[in-house]
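This is what each chain is made of:
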Amino acid sequence: MTLSVVVPDWTPHAPLQRLCLSWSEAAGVELAVLRLDLIDPLISGNKWFKLSHHLARAQAESAAGVISLGGAHSNHLHALAAAGKRFGFATVGLLRGHAQQTATVDDLLAFGMQLHWLGYAGYRARHAADFWRPWQARYPGFYQVPEGGGGLLGALGCEALLPMVREQLAEIGWADYDAWWLAAGTGTTLAGLLLAEAAAHPVHGALAVPADHGVAQQVQQIVLAADQPVGHYHLHEACRGGFARSDAELLAFMHDAENHSAMPLEPLYTAKALMALRQQVEAGYFARGSRVVFVHTGGLQGRASALSSSAPLLWIPPAEPGFCMSEPLNPEQLRSLTPLNVLSEQQWRELRSQLIPQPVLAGQVLFRAADQARVTYYLLAGELLLQSAEGQQRIQAGSEASCHPLSPSLPRLHEARALTDASVLALDTATLNRLLTWRLAYQDLLLELGQHHEDVEWLERLLENPLFAKVPPSNVRAMLARLQRIELSAGSTVLQEGDVGDSCYFLKHGRAEVIRGAGSAQQVLAELEIGACFGEEALLADSPRNATVTLLEDGVVLRLDRQDFFALLKAPVVDEVSLGEASRLLAAGAQWLDVRLQDEYQRAHALQSLNMPLQLLRLKARLLDKARTYLCYCDSGKRSSSAVFLLSQLGYRAYALRDGVDALPAVQRDALLCESGSGYLARSGGRTERSL
């Protein structure tokens, strides 16, 4: 491998978007966000800009490769390794701590980076004068990039952000702006903006690390090394007790901001920076009419693990009997909470990941008056004080008041403070409202049909299918009007393997079996009961029927024509995403699911993807994790649409890559599919096997 192409003719572009949040609008402060998280699926965030000048220097020195440092979730090392694989140069990573497996580490290995674990003491020695000597001997001719891509060269690469913003101002209706705001970990990106601005606009850094970590000194050293005067900049405390520390207030703010902006954040840098901006805006730091550019610095690579590690608070108080702090509430406990008790058990299962009690310490504020976070709270254990301008109220767990949401109106009318160690249930309000609306609408439909003496048992069973959590009640009403009733005797064939698919069916009465093959090769795939939907796979994949369905007893099926199926069921159920949207979901913990044949998968596949061919999906879906989101892909998008429809019926969250990998530009397709990247194969016996 050589460095001949280390500086390609590649200038990534980040969109500048208006950022409309209630707290900024109330203060009369306009926000725009520079979305560095969208520049590339792999080389994302500010990391490419911090690397670009280092790589240019490495090429100028005819370096044999590039070596740098970072942790097991390092966005910097991930970007460097991905660049090495894409542009054809060798990379070496020196990692903090001891060997461990993370999604980032798996990617580093798949990208071909050579890894060395230094331990903690060894990593602390990285600033020693002779630290690099043994590594220079082991990797002669390798260019050394400072930790995080820092230093003057890293800052010079970040100067490119200024013209990127200026050329897009007119598109969002701005003639100019008043200030920059971004997270600061080392201060490199902030220093780059200072150099570019040359004192024209102030730059604000929200410190993701404690003030004694030397960010101010590093910024000044970089600017002075460029032989320029230090411009206007300000550092604001935002680390909330330490680097990588988070708390319930931060996570609730992050969740609310994501819901209102459709922009993913993470709790180490971007969420803290945006929360610090809100605090300053609400405190009147920026004058009404100010325009502020917020830089989304990326950093989403470790988002899932960061959220996982910060999910429990610093200490978990003892809960009252009946509440396990690590397990979701059971149905009996949920039936005492209004209006949660209206939901079906299937809907409770959809909320399962949110039904885990969260600890609150004595004296801790759960929320403040005028808070806008769209979170619904229930008190499960302990005692809280609700305080407003009109007075105060003590709420004890187990009381009538604790069975209802705490101060549900937005903005909040009360401040809620824990009087004792307590535990609460915190639910996403938008999700809860959607489920309640769906449940009540369908209850009205079933009641209406029952009043007309309709047989609704099959429909009740059908609506329990997770598939219908996505189907509007109006679509179900239209579907009922278009179904064709067919009475059949035992042994009748409803679908024949190999036939053209022109409709799907619902089983209203009786039982049926799904068979593939003939003679000695015949295999029973499943037995269908009342409420089952079948025959949709041939419609979605635009292929012949892949199985035969035969009635085991006299029964009734309801037929839905192809065009009605696509309009009423497929459209709301099969959610499609672009590659950029898929990248954001991956950063939040989703996984690629390759539904092509194994031969297709082994020729090239997405990193860390699981291969589960469509024809085996129904049999092997039990290997999947219902707490995880799956991103299905194939060549044309047809097989992945079929997979999403099937997985929705089985209770999984899944999306299809829009139009498949064949529709991607060559650069994106080559970045997504790797011939030798690690992945997983679904095998018989309920196991998965690593694929290299």
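Refer to the structure above for everything that follows.
Undergrad: Even after reading the chapter, I still don't get the pattern of salt bridges, so can you show me in this structure?
TA: Between side chains of opposite charge, pairing is possible as soon as their charged atoms come close. Summed over all chains, the structure comprises 21 salt bridges. A salt bridge links Arg412 to Asp371, with the shortest nitrogen-to-oxygen separation between them at 3.7 Å. Taken together, the residues span a long stretch of sequence, with Arg412 in the loop between strand S15 (391-396) and strand S16 (415-418) and Asp371 in the loop between strand S12 (365-367) and strand S13 (375-381) at a distance of 41 residues. The two residues Arg412 and Asp371 agree in class, both being buried. Of the charged contacts, one joins Asp561 and Arg559 as a salt bridge, the two residues approaching to 2.3 Å between their closest N and O atoms.

Undergrad: In this structure, what is going on with the sheet that holds strand S20 (residues 503-509)? I would like to understand it.
TA: Whether parallel or antiparallel, the strands of a sheet pair through hydrogen bonds between backbone atoms. Strands sit in the order S18-S25-S20-S23 across an open sheet of four strands; the sheet is antiparallel. Pairing within the sheet leaves two strands with one partner each, and these edge strands are strand S18 (484-488) and strand S23 (533-534). Two strands pair when backbone bridges link them, and S20 and strand S25 (residues 555-561) are joined in this way by six bridges, in the antiparallel orientation. Among the inter-strand pairings, Cys504 is bridged to a residue of S25, identified as Leu560. Against the sheet, helix H20 (residues 562-573) touches S20 and S25, its axis set at about 80° to S25.

Undergrad: Help me understand the packing of helix H18 (residues 473-482) against H20 in this model?
TA: The description of two packed helices rests on the angle between their axes and on the distance between the axes. Remark: H18 packs on H20, axes separated minimally by 10 Å, with the N-to-C direction vectors making an angle of 155°. Comparing the axis directions of H18 and H20 gives the class roughly antiparallel. Our pair here, H18 against H20, has a crossing hand that is left-handed. Residues Asn475, Ala478, Met479 and Arg482 of H18 touch H20, and the partners they reach there are Asp564, Ala567, Leu568, Leu569 and Pro572.

Undergrad: Can you walk me through the packing of aromatic side chains in this structure?
TA: For any pair of aromatic rings, the description rests on two quantities: the centre-to-centre distance and the angle between the ring planes. This structure, assessed with the given rule, holds eleven aromatic pairs. Ring geometry for Tyr505 against Phe534: centres 5.7 Å apart, planes inclined by 15°, an arrangement best described as stacked. Of this pair, Tyr505 sits in strand S20 while Phe534 sits in strand S23, and the two are 29 residues apart along the sequence. Cluster of aromatic residues (ring-pair linked, three or more members): Trp181, Tyr285 and Phe286.

Procedures and definitions
- Residues numbered from 1 in each chain as written.
- Predicted model: local features only at pLDDT ≥ 70, side-chain atom pairs only at ≥ 80, totals over all residues.
- Heavy atoms only, no water.
- Salt bridge = Lys/Arg side-chain N within 4 Å of Asp/Glu carboxyl O.
- Helix = DSSP H or I, 4+ residues; strand = E, 2+ residues; numbered from the N terminus.
- Buried < 20%, exposed > 50% of the residue type's maximum accessible area, 1.4 Å probe, protein only.
- Pairing = 2+ DSSP bridges.
- Contact = heavy atoms within 4.5 Å.
- Axes fitted to C-alpha atoms, helices over the stretch in contact; angles between N-to-C directions.
- Parallel < 35°, antiparallel > 145°, perpendicular 65-115°, else oblique.
- Left-handed = near helix turned anticlockwise from the far one by under 90°.
- Phe/Tyr/Trp six-rings, centres within 6.5 Å; stacked < 30°, edge-to-face > 60°.

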